[in-house]
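# Summary of the model geometry
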Amino acid sequence: MTKRALISVSDKSGVLEFAKELEALGYEILSTGGTKKHLQENGVAVTAVDQVTNFPEILGGRVKTLNPLIHGGLLAKHDDPEHQAQMAEHGIQPIEIVCVNLYPFVETISKPNVTIVDAIENIDIGGPTMLRSAAKNQKYVTVIVDSNDYAIVLAELKAEGQTTLETRRRLGAKVFRHTAAYDSYISNYLTEYTGEEFPEQMTLTYELKQPLRYGENPHQKAAFYQKHLGSDFSIASAEQLHGKELSYNNIQDANAALQIIKEFDAPAAVAVKHMNPCGVGTAETISEAFAKAYEADSTSIFGGIIALNREVDLATAEQLAGIFLEIIIAPAFTAEALEKLSAKKNIRLLTISFAQEKRDAFNIVSVEGGLLVQEPDRFGLKDGEVKVVTDREPTEEEWAAMKLGWSVVKHVKSNAIVVTDDKMTLGVGAGQMNRVGSAKIALEQAGEKAKGAALASDAFFPMNDTVETAAKAGITAIIQTGGSIKDQDSIDKANEYGITMVFTGVRNFKH
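Cut-offs applied
- Residues numbered from 1 in each chain as written.
- Predicted model: local features only at pLDDT ≥ 70, side-chain atom pairs only at ≥ 80, totals over all residues.
- Heavy atoms only, no water.
- Helix = DSSP H or I, 4+ residues; strand = E, 2+ residues; numbered from the N terminus.
- Buried < 20%, exposed > 50% of the residue type's maximum accessible area, 1.4 Å probe, protein only.
- Contact = heavy atoms within 4.5 Å.
- Areas by Shrake-Rupley, 256 points an atom, 1.4 Å probe, with all protein chains shown as cover.
- Lys, Arg positive; Asp, Glu negative; His and termini not counted.
- Charge placed at Lys NZ, Arg CZ, Asp CG, Glu CD.
- Arc of directions from axis to C-beta.
- Pairing = 2+ DSSP bridges.
- Axes fitted to C-alpha atoms, helices over the stretch in contact; angles between N-to-C directions.
- Core = buried A, V, L, I, M, F, W, Y, C linked by side-chain atoms within 4.5 Å.
- Salt bridge = Lys/Arg side-chain N within 4 Å of Asp/Glu carboxyl O.
- Expected span 1.5 Å × (residues − 1).
- Polar contact = N/O pair within 3.5 Å; in protein donor to acceptor, adjacent residues only side chain to side chain.
- Parallel < 35°, antiparallel > 145°, perpendicular 65-115°, else oblique.
- Left-handed = near helix turned anticlockwise from the far one by under 90°.
- Nonpolar A, V, L, I, M, F, W, Y, C, P; charged D, E, K, R; others polar.
- Right-handed = clockwise from strand over helix to strand, strands pointing away.

## Digging into the overall build of the protein
Along the backbone of the protein there are 18 helices and 21 strands. Along the first, second and third principal axes, the C-alpha atoms of the protein reach 95 × 50 × 45 Å. Among the 511 residues that make up the protein, the fraction classed as buried is 47%. Looking at the protein alone, contacts between residues at least 24 apart form 54% of all its contacts between residues at least 6 apart. Roughly 25,200 Å² of accessible area belongs to the protein as shown, and the carbon and sulfur atoms make up 50% of that amount. Of the side chains in the protein, 51 bear a positive and 68 a negative charge, and the two mean positions are spaced by 4 Å.

## Some remarks on helix α1 (residues 15-24)
Residue pairs three or four apart in sequence face the same way in an α-helix, which turns once every 3.6 residues. Taken together, the buried positions of α1 are Val 15, Leu 16, Phe 18, Ala 19 and Leu 22. Projected onto a plane normal to the axis of α1, the buried residues spread over an arc of 160 degrees and lie on a single side. Exposed residues on α1 whose side chains face more than 90 degrees from its buried face are Glu 17 and Ala 24. Residues of α1 that are buried sit in contact with β1 (4-8), β2 (28-31), α2 (33-41), β4 (97-100), β5 (142-144) and α9 (150-160). Looking one or two places after α1, you find Gly 26, whose phi comes out positive at around 95 degrees.

## Examining the sheet that holds strand β16 (residues 387-388)
Here six strands make up an open sheet; going across it, the order is β16-β21-β20-β19-β17-β18 and the pairing mixed. Of all the strands in the sheet, the pair left with one neighbour each is β16 and β18 (425-429). Here β16 pairs with strand β21 (residues 500-503) via two bridges, running antiparallel. The residue bridging Val 388 from the neighbouring strand is Val 502, located in β21. On the sheet, helix α18 (residues 487-497) packs against β20 (477-480) and β21 and is oriented at approximately 150 degrees with respect to β21.

## What to know about the side chain of Asn 508
Topologically, Asn 508 is positioned in the segment after β21. Once you skip the residues sitting within four places of it in the chain, Asn 508 turns out to touch Asp 377, Phe 379, Trp 406, Lys 410, Asp 458 and Thr 481.

## Concerning the nonpolar core
Ile 235 and Ile 329 are the most contacted members of the largest nonpolar core, which has 43 residues in total. Taken together, the elements giving at least two residues each to this core come down to β7 (222-227), α11 (248-261), β9 (268-273), β11 (304-308), β12 (325-330), α15 (396-409), β19 (454-457) and β20. Per element, the largest residue contribution to this core is seven residues, and it comes from α11.

## Quick look at the pattern of salt bridges
Counting across every chain of the model gives 18 salt bridges. When the shortest N-O distance is used, the salt bridge between Arg 62 and Glu 121 registers 2.2 Å. Here the residue Arg 62 occupies a position in the loop between α3 (49-53) and α4 (68-75), and Glu 121 occupies one in helix α7 (residues 116-121), the gap between them amounting to 59 residues. Between Lys 493 and Glu 468 there is a salt bridge, with the nearest N and O atoms lying 3.0 Å from each other. Of this pair, Lys 493 sits in helix α18 while Glu 468 is found in helix α17 (residues 465-473), placing the two residues 25 residues apart along the sequence. By relative accessible area, which is 18% here, Glu 468 ends up buried.

## Focus on the environment of Gly 303
Inspection of the secondary structure assignment puts Gly 303 in the loop between α12 (286-296) and β11. Take Gly 303: its relative accessible area is 15%, and that puts it in the buried class. Each C-alpha atom of the pair Gly 303 and Met 424 lies 20 Å from the other, and the pair is 121 residues apart in sequence. For Gly 303, the residues in contact, after removing those within four places along its chain, are Lys 273, Phe 324, Leu 325 and Glu 326.

## Side note on the side chain of Asp 149
Counting through the fold element by element, Asp 149 comes out in the loop between β5 and α9. For Asp 149, the contacting residues outside a window of four places in its chain are Ile 144, Arg 170, Leu 171 and Lys 174.

## Observations concerning the environment of Glu 216
You can see Glu 216 is positioned in the loop between β6 (206-212) and β7. In sequence terms Glu 216 and Asn 250 are 34 residues apart; their C-alpha atoms lie 9.6 Å from each other. Contacts of Glu 216, omitting those with residues within four sequence positions, involve Tyr 248 and Asn 249.

## Describing the sheet that holds β2
Two orientations exist for strands paired in a sheet by backbone hydrogen bonds: parallel and antiparallel. One open sheet accounts for five strands, arranged β3-β2-β1-β4-β5; its pairing is parallel. The open sheet has two free edges, formed respectively by β3 (46-48) and β5, since each of these has just one partner strand. Strand-to-strand twist in this sheet, taken as the mean axis angle between neighbours without regard to direction, amounts to 20 degrees. Each of β1, β2, β4 and β5 is contacted by α1, which is oriented at about 170 degrees to β1, the strand it contacts most.

## Some words on helix α16 (residues 435-446)
Between the first and last C-alpha of α16 there are 17 Å, a value that for twelve residues agrees with the 16 Å anticipated at 1.5 Å per step. Where the residues of α16 are buried, they touch β17 (417-420), β18, β19 and α17. Capping the start of α16, Asn 434 holds a side-chain oxygen 3.3 Å from the backbone nitrogen of Val 436, two or three residues further along. Within two residues after α16, Gly 447 carries a phi angle of roughly 60 degrees, on the positive side.

## Details of the packing of α17 against α18
In the contact formed by α17 and α18, the axes pass within 9 Å of each other and the chain directions differ by 15 degrees. Our classification of the angle between α17 and α18 gives roughly parallel. Considering how the two elements wind past one another, α17 and α18 form a crossing that is right-handed. Packed against α17, whose contacting residues are Val 467, Glu 468, Ala 471 and Lys 472, the element α18 presents Ser 490, Lys 493, Ala 494 and Tyr 497 at the interface. When grouped by side-chain class, the residues that make up the contact of α17 with α18 number four nonpolar, one polar and three charged.

## A look at the pairing of β20
Residues Ala 477 and Ile 479 line one face of β20 and the alternating positions Ile 478 and Gln 480 line the opposite face, and both faces are buried. Two elements, β19 and β20, share three bridges in a ladder whose sense is parallel. From the neighbouring strand, Ala 456 faces β20, where its bridge partner is Ile 479. In this view, the connection linking β19 to its parallel neighbour β20 by way of α17 has right-handed handedness. For β20 and β21, the ladder comprises four bridges, and the chain directions are parallel. Each bridged residue has a counterpart across the sheet, and for Gln 480 the counterpart in β21 is Phe 503.

Note that all results are geometric; they support no functional claim without further evidence.
Below you can see the structure in the form of structure tokens.
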């Protein structure tokens, strides 16, 4: 009996050559719709599926392969006498190869202003059903969903007359990954459309972007996966212009830098080490902003990651080139800047879109055995009930310094304290087990510059000791969340030293 291959693909790349090779190997080609037309126009003999089923395509093409004469041929066990008897009784012939890919649902929903009607019409039913049938019967059936697999299938058919069971198992597993991902895109789109924030089940699909040399440490294996249709403002969507591939830790640090830089509208520069900012500067130009970030901590910036929210010009590139840096991220580089920085062999240069339109709706963090899902912390001072709680009102310069500190402190590991003036960070205290410990680190780093500066805290002061420590270092303005049962103690202490203090009403922990 002639062997059969069913081919129906929306992605036509390589399919003509594949079909011709199968035909030369003695396979009868079954097909439908556009694939059938494409093959026939290019000289491949094709049997239409409706000739097999003796039933026409109906409902505008929604039903064409959903038929026992097709699915019996896909699901029958070739070594089961009962199955073979029923096949003979009903005139069903086996199908040994299935090559199918699906309606372009993801491409459809990627289009601007796509309607729900268009999205639903591009949900494939027959394709996934054929793929799943063939993949379930992988002991006997070779199923292909990816044109990259045509070559290995043809090589085995030519060498042995059939594919190996190992290959059929591998391709079958790939099919189930593919259809699971396809269904997840559909379910996530419809879940978002219907407004469900936290559905009873969450299915996530990410595509392999690149294997990594190792993970957080050299003995750990790792890979980087990208969310399809995810945020444009992300390392996953970045274009790398120069340098060796990113490492696991590079990606983590670069992501942290991006989360901070998005806080600023004015020209700004952010330096990150170990996922904490070591320097942030703002100014009238990006060159001046980077100079401020560098001045903030010229020691820790060594080997750091830099994010800039303006195009990198030659003046800025000359500053950057004088320091050992791992990564520079910006919306763009001028030709002169790119030439200057590309002379450094190991530095990575990345560009990303700073457009606001496409940002992820949720942050997802894995824990052993589960996921934590939350909204991103997009809270700004304009969203809160900011109030001055001390006798003295802030000066204009103190307001600017506190706003800068508040924008940065939310991105520092808790307990977090940031000391700033109105243009740059002066000291950062991160991740200590008590708030006074973080304050001491930040104030020590600021040194004499703490005099007249502002201090920002990511949470309230449980006691007045942080205010006391800040006052002795010369801090004149404090911004914190408020909400402690001992708030009045801190207010009284601030008034005692003439410090102006602002409550935001919202904490900004970053664990």
